[in-house]
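Analysis of the macromolecular model
Listed below are the residues making up each chain.
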Amino acid sequence: MHKKILFCATVDYHFKAFHLPYMEWFKKQGWEVHIAANGDMVLPFVDKKYNLPIARSPFDHNNLEAFNSLKSIIKENKYKIVHCHTPVGGVLARLASQDARSRGTKVIYTAHGFHFCKGGSFTNWMIYYPIEKWLAGMTDCLVTINEEDYHLATTHRFKAGQINHIHGVGVDTDLFTPVSKEKKLRLREALGFKPNDFIMFYAAEFNKNKNQSQLIKALASIKKNVPNARLVFAGEGKLFEECRELAVTLKVENMVHFLGYRKDIEQLLKAADIAVASSSREGLPVNIMESMACGLPIIASQNRGHSELVEDRKNGFIIPRGDDELFGKRIKELYDSKQLRKWMGTESRKKVVPYSLANVGVELGEIYSAFMMEDSNEAESEYYRSSL
């Protein structure tokens, strides 16, 4: 079989955000790299890209067209490996790969956080759990990125060929790194902030899950005691304007900065004092890992992804869901103590090491290599003969 790999996801910016280093790695091994996803983004390290109408909703009729296209693409290209990501992309790619899999193609699925989880909604368990358990039987390798998902998949006996745990998608700890006080001040000036501003940073899409409104409410609870607090949001989304209106209603509009989509997250993090995160559900969030790599203390809502990265009272604080007042108190606690911020920031930097690109690259490399080095079998040979 030709040395080709297909990466499939719901949308193409997923690959730009998380997987370019691993696509580059395959190119260096002499492999042909193909992408199938919704979107027309031009990506490096890609030999062929398929723009498919994959929709986030599993019930969207466009997914049937995407499935049929995927099946034809996989049959035509005779991939050695299909690596799929995201819930809908993962469903379609695994279903579309079954004929090829019976003839030697290996199918890998990375679960970037199961939609069913401890504390998850009954609806998510009813819909996503049976689907994922069924599809595990069509998966040669199920990759989980947090301990809770790994424990769930193994204890519930998901029937994937193998189940592996890796430390997320990796963070560049050489790019995201702490800076000196002098450089931090220069960055703040360049970004339009004052030297004594207390900057709290959160990069995320504005949606119900990311729950930016909790941070605005927490800020409002301490606005009199921390008048120089600055809550900085990077991102866009459906709830962007609603959150702006909330800031006005709570009279903190001058303390909240809505930056929209940004390409300078690294600079914004290095200018910040702390990182905050308020999402209800996370797999293993890159924004937290990047913040930790920059040596920032973290205040985050309680969920499996946050709790795996943030140890309460060590490299930050974990806040029970919906407790806006406690969130505000923890912000004030870090504001009051530079020494605590420094200590927690140092712990963040130590704790992020296993999640570095270098370490995750080794973990993924071991998984990939096992499938790349397998000898051709009779089924694979038959696949070629039947295609002539």
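Use the structure listed above.
This text gives an overview of the structure that appears in the document.

**Let's talk about the side chain of His-306**
By the element assignment, His-306 lies in helix H13 (residues 304-309). Residue classification places His-306 among the buried positions, given a relative accessible area of 1%.

**Some points on the packing of helix H9 (residues 212-222) against helix H14 (residues 324-336)**
At a closest axis distance of 8 Å, the pairing of H9 and H14 adopts a crossing angle of 60 degrees. In terms of crossing hand, the pair formed by H9 and H14 is right-handed. Along its contact with H9, which presents Gln-214, Leu-215, Lys-217, Ala-218, Ser-221 and Ile-222, the element H14 presents Asp-324, Phe-327, Gly-328 and Ile-331.

**Focus on the pattern of salt bridges**
Taken as a whole and judged by the stated rule, the model has 17 salt bridges. Two residues, Lys-28 and Glu-24, come together in a salt bridge whose shortest N-O distance is 3.7 Å. On the criterion of helical spacing, the pair formed by Lys-28 and Glu-24 is a turn pair, its members being 4 residues apart in helix H2 (residues 20-28). Relative accessible area serves as the criterion here: at 64%, Lys-28 is assigned to the exposed category. Among the salt bridges present, the one from Lys-71 reaches Asp-99, with a minimum N-O distance of 4.0 Å. Highlighted residues: Lys-71 in helix H3 (residues 62-77) and Asp-99 in helix H5 (residues 98-101), separated in sequence by 28 residues.

**Let's talk about the layout of surface pockets**
Of the volumes computed, that of the second largest pocket is approximately 730 Å³. Lining the second largest pocket are 28 residues; nearest its centre among them are Lys-181, Lys-184, Ala-272, Asp-273 and Arg-341. Of all the secondary-structure elements, those providing two or more residues to the lining of the second largest pocket are helix H8 (181-191), helix H11 (265-271) and helix H15 (338-351). Take the lining of the second largest pocket: its biggest share by element is 7 residues, from H15. Broken down by class, the residue content of the lining of the second largest pocket amounts to 11 nonpolar, 7 polar and 10 charged.

**Things to note about unusual backbone geometry**
Of note in the backbone geometry, Phe-45 takes a positive phi value of approximately 65 degrees without being a glycine. Within the fold, Phe-45 resides in the loop between strand E2 (32-38) and strand E3 (48-51). With a relative accessible area of 31%, Phe-45 lands in the partly exposed category. The phi angle at Thr-86 is positive, at roughly 70 degrees, despite the residue not being glycine. Tracing the backbone shows Thr-86 in the loop between strand E4 (81-85) and helix H4 (87-96).

Each value, and the rule that gives it
Residues numbered from 1 in each chain as written. Predicted model: local features only at pLDDT ≥ 70, side-chain atom pairs only at ≥ 80, totals over all residues. Heavy atoms only, no water. Helix = DSSP H or I, 4+ residues; strand = E, 2+ residues; numbered from the N terminus. Buried < 20%, exposed > 50% of the residue type's maximum accessible area, 1.4 Å probe, protein only. Axes fitted to C-alpha atoms, helices over the stretch in contact; angles between N-to-C directions. Left-handed = near helix turned anticlockwise from the far one by under 90°. Contact = heavy atoms within 4.5 Å. Salt bridge = Lys/Arg side-chain N within 4 Å of Asp/Glu carboxyl O. 1 Å grid on protein atoms, 1.4 Å probe; cavity = no way out; pocket = protein on both sides within 12 Å on 5 of 7 lines; lining within 4 Å. Points joined across faces, edges and corners; volume = space filled by probe spheres on them. Nonpolar A, V, L, I, M, F, W, Y, C, P; charged D, E, K, R; others polar.

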